[in-house]
Amino acid sequence: MRRHLFVILSIFLLLSGCANWGVVDKTRMLMGTQVQIIVSGSGFTRVAKTAAIGKAFERIKEIEGLLSVYDATSEISKVNSFADVRPITVSDDTIRVIKKADEISKITGGAFDITIAPLVNLWGFGPRGVILNKPKEREIHNALRLVGMRNIKIDYARKTIRFLRSGVRLDLSGIAKGYAVDCAIETLKSEGIKNALVNAGGDIYCIGKVSPCRQWRIGIQNPRHKNEIIDTVDIEDSAIATSGDYERFSFYSGVRVSHIIDPRTGEPKSSVPASVSIKAADCMTADAFATAVFVLGPDKGLDFLSKVASVEGMIIIEKKDRFEAYRTDGFKKK
Ligand code: AMP
Ligand code: MG
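Residues numbered from 1 in each chain as written. Chains lettered and ligands numbered in written order. Predicted model: local features only at pLDDT ≥ 70, side-chain atom pairs only at ≥ 80, totals over all residues. Heavy atoms only, no water.

Novice: What am I meant to see in the packing of helix H7 (residues 283–296) against helix H8 (residues 298–307) here?
Specialist: When two helices pack together, their arrangement is captured by the angle between the axes and the distance separating the axes. Put simply, H7 and H8 touch, their axes get as near as 6 Å, and they point 135 degrees apart. Judged by the inter-axis angle, H7 sits oblique to H8. Every residue of H8 that contacts H7 at Phe289, Val293 and Leu296 is listed here: Pro298, Lys300, Gly301, Phe304 and Leu305. (Axes fitted to C-alpha atoms, helices over the stretch in contact; angles between N-to-C directions. Helix = DSSP H or I, 4+ residues; strand = E, 2+ residues; numbered from the N terminus. Parallel < 35°, antiparallel > 145°, perpendicular 65-115°, else oblique. Contact = heavy atoms within 4.5 Å.)

Next up, the structure:
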């Protein structure tokens, strides 16, 4: 039996405040998830805050139009359609995301890999839609041959992408939401906003505070019980992103497999870990690291995180009847 579920990763935002700073809170469906933008702070009318939020949503829409593999007219879809035959020139935004993805692929030993698309599609998690039967060994083997950053040529000076093998495809879904959050924050800042939160399906960046005496407090949900919070983290002028096996997953023979695929084996990760939360200076890094550490698993993931300065993480593991959380020193409560 196979079930396929789409569950929006909802991180609870605990907004208890001391004084009323006139919070404006808006949500829109963008990049395949709920995107929430909250603006707080004195010195702006509700109308001005709402207008700034509108501009931030427009910026996210622009990023979606470049990076979404679900939009056949996006820039990345154009790359996927034509980079087999010639180098395709991309925008500053797209090359910035590909550059970061390339860096993170290198430092994670290929655990994070945007050439994962053929496997994502094969396992029914991509734009080609769901599958009915588990892929055959031969199909996995064939898709694996197309995966690996060595299969693409990136010319940073010319801002071009060229595939070096026919059939290579890119999937930026593990990093694009984080970048969109960073861009939305930049837009809010350019409008003069100093206190805000942007949350794209669990990829979050907070600036300033929610009220004069309270920081933005993010609740990390129990991977199996949506309304329970496992931990809370206060965030100011930085990002936190969570990858969970509960966002999108399938069951094969009773085993839960997530939408995150190990580029080394070609198989989706089964239920260890249940979720990974990463704190970083920017949300694009936090997003990509969360996906990468999910692939690395608890031991290697924690070891890897402890060696990378400026990035902290928490890995939640499901045991028979409970969850265990492992945190890097910087993630632990002071
Ligand atoms: P996230 O929700 O940020 O963890 O991203 C998960 C998405 O990234 C999946 O739905 C895939 O589209 C893509 N993905 C899956 N496995 C990988 C991987 N190993 N490296 C990069 N992206 C991946
Ligand atoms: Mg990610």
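We are not done yet, so read on.
Novice: I tried to follow the sheet that holds strand E16 (residues 275–280) on my own but got confused; where do I start?
Specialist: Sheet strands line up and pair through hydrogen bonds in the backbone, either parallel or antiparallel. Taken in spatial order, the eight strands of this open sheet run E3-E4-E8-E9-E12-E16-E17-E18, and their pairing is antiparallel. Because the sheet does not close on itself, it has two edges, and the strands there are strand E3 (24–30) and strand E18 (323–327). With direction set aside, neighbouring strand axes in the sheet form an average angle of 10 degrees. Bridging between strand E12 (residues 238–244) and E16 involves six bridges; their strand directions are antiparallel. Note that in E16 the partner of Ala241 across the bridge is Ile278. This element, helix H1 (residues 46–67), spans E3, strand E4 (33–40) and strand E8 (195–200) of the sheet and lies at about 20 degrees to E3. Along the sheet, H8 contacts E16, strand E17 (312–318) and E18; its crossing angle with E17, the most-contacted strand, is approximately 170 degrees. (Pairing = 2+ DSSP bridges.)

Novice: What am I meant to see in unusual backbone geometry here?
Specialist: A negative phi holds for most residues other than glycine; trans holds for most peptide bonds. Even without being a glycine, Met31 presents a positive backbone phi close to 50 degrees. Relative to the helices and strands, Met31 is located in the loop between E3 and E4. The backbone phi angle of Lys159 is positive, close to 60 degrees, even though this residue is not glycine. Counting through the fold element by element, Lys159 comes out in the loop between strand E6 (152–155) and strand E7 (160–163).

Novice: Just checking my understanding: could you explain the pattern of salt bridges for this structure?
Specialist: Taken as a whole and judged by the stated rule, the model has 18 salt bridges. One salt bridge connects Asp321 with Arg322, and the closest N-O pair in it is separated by 3.8 Å. Taking the relative accessible area as the measure of exposure, Arg322 reaches 44% and is therefore partly exposed. (Salt bridge = Lys/Arg side-chain N within 4 Å of Asp/Glu carboxyl O. Buried < 20%, exposed > 50% of the residue type's maximum accessible area, 1.4 Å probe, protein only.)

Novice: Is there a simple way to explain the coordination of the magnesium ion (ligand 2) in this structure?
Specialist: For a metal with four tetrahedral donors the ideal donor-metal-donor angle is 109.5 degrees, while six octahedral donors give ideal angles of 90 or 180 degrees. Coordination sphere of the magnesium ion (ligand 2), protein contribution only: Gly174 (O), Asp287 (O), Asp287 (OD) and Thr291 (OG1), at 2.0 to 2.4 Å. Taken in sequence order, the residues that donate to the magnesium ion (ligand 2) follow the motif G-x112-D-x3-T. Taken together, the positions of Asp287 and Thr291, both in helix H7 and four residues apart, correspond to about one turn of that helix. Across the pair, Thr291 and Asp287 agree in class, each one buried. (Donors = N, O, S within 2.8 Å, 3.2 Å for Na, K, Ca; no water.)

Novice: Would you mind showing me how to read the site of ligand 1 here?
Specialist: The full set close to ligand 1 counts 18 residues, and Asp171, Ser243, His259, Ile261 and Thr291 are the nearest of them. Note that a nitrogen atom of ligand 1 is positioned 3.0 Å from one of the backbone N or O atoms of Ala111. One nitrogen or oxygen atom from the side chain of Thr291 is found 2.8 Å from an oxygen atom belonging to ligand 1. Relative to its unbound accessible surface of 500 Å², ligand 1 loses 98% to contact with the protein. Elements represented by at least two residues in the shell around ligand 1 include exactly strand E14 (255–261) and H7. Each residue belonging to the shell around ligand 1 can be placed in one class, and the counts come to eight nonpolar, five polar and five charged. Split by domain, the residues of the shell around ligand 1 number at least three in each of domain 1 (3–67 + 175–331) and domain 2 (75–163). (Near = heavy atom within 4 Å. Polar contact = N/O pair within 3.5 Å; in protein donor to acceptor, adjacent residues only side chain to side chain. Areas by Shrake-Rupley, 256 points an atom, 1.4 Å probe, with all protein chains shown as cover. Nonpolar A, V, L, I, M, F, W, Y, C, P; charged D, E, K, R; others polar. Domains from an automatic or database assignment.)

Novice: Any chance you could explain the sheet that holds E7 here in plain terms?
Specialist: On the basis of which strands lie adjacent, the open sheet formed by three strands has the order E5-E7-E6 and antiparallel pairing. Taken across any chain shown, the strands that pair with only one partner, and hence form the sheet edges, are strand E5 (88–89) and E6. Pairing geometry for E5 and E7, over two bridges, is antiparallel. The residue bridging Thr89 from the neighbouring strand is Thr160, located in E7.

Novice: What should I look at first to understand helix H6 (residues 176–190) in this one?
Specialist: Every α-helix carries 3.6 residues per turn, so stepping three or four residues along brings you back to the same face. Compared with an ideal rise of 1.5 Å per residue, which puts 15 residues at 21 Å, H6 spans 21 Å between its outermost C-alpha atoms and is within 8% of the ideal. Burial analysis of H6 places twelve of its 15 residues in the buried class, which makes it a mostly covered element. Taken together, the buried positions of H6 are occupied by Ala176, Lys177, Gly178, Tyr179, Ala180, Val181, Asp182, Cys183, Ala184, Ile185, Thr187 and Leu188. Where H6 is buried, its residues meet E4, H1, helix H3 (92–107), E8, strand E9 (203–207) and H7. Downstream of H6 by a residue or two, Gly192 has a phi angle that is positive, lying close to 90 degrees. (Expected span 1.5 Å × (residues − 1).)

In short, the description is geometric, and any link to function would need to be established separately.
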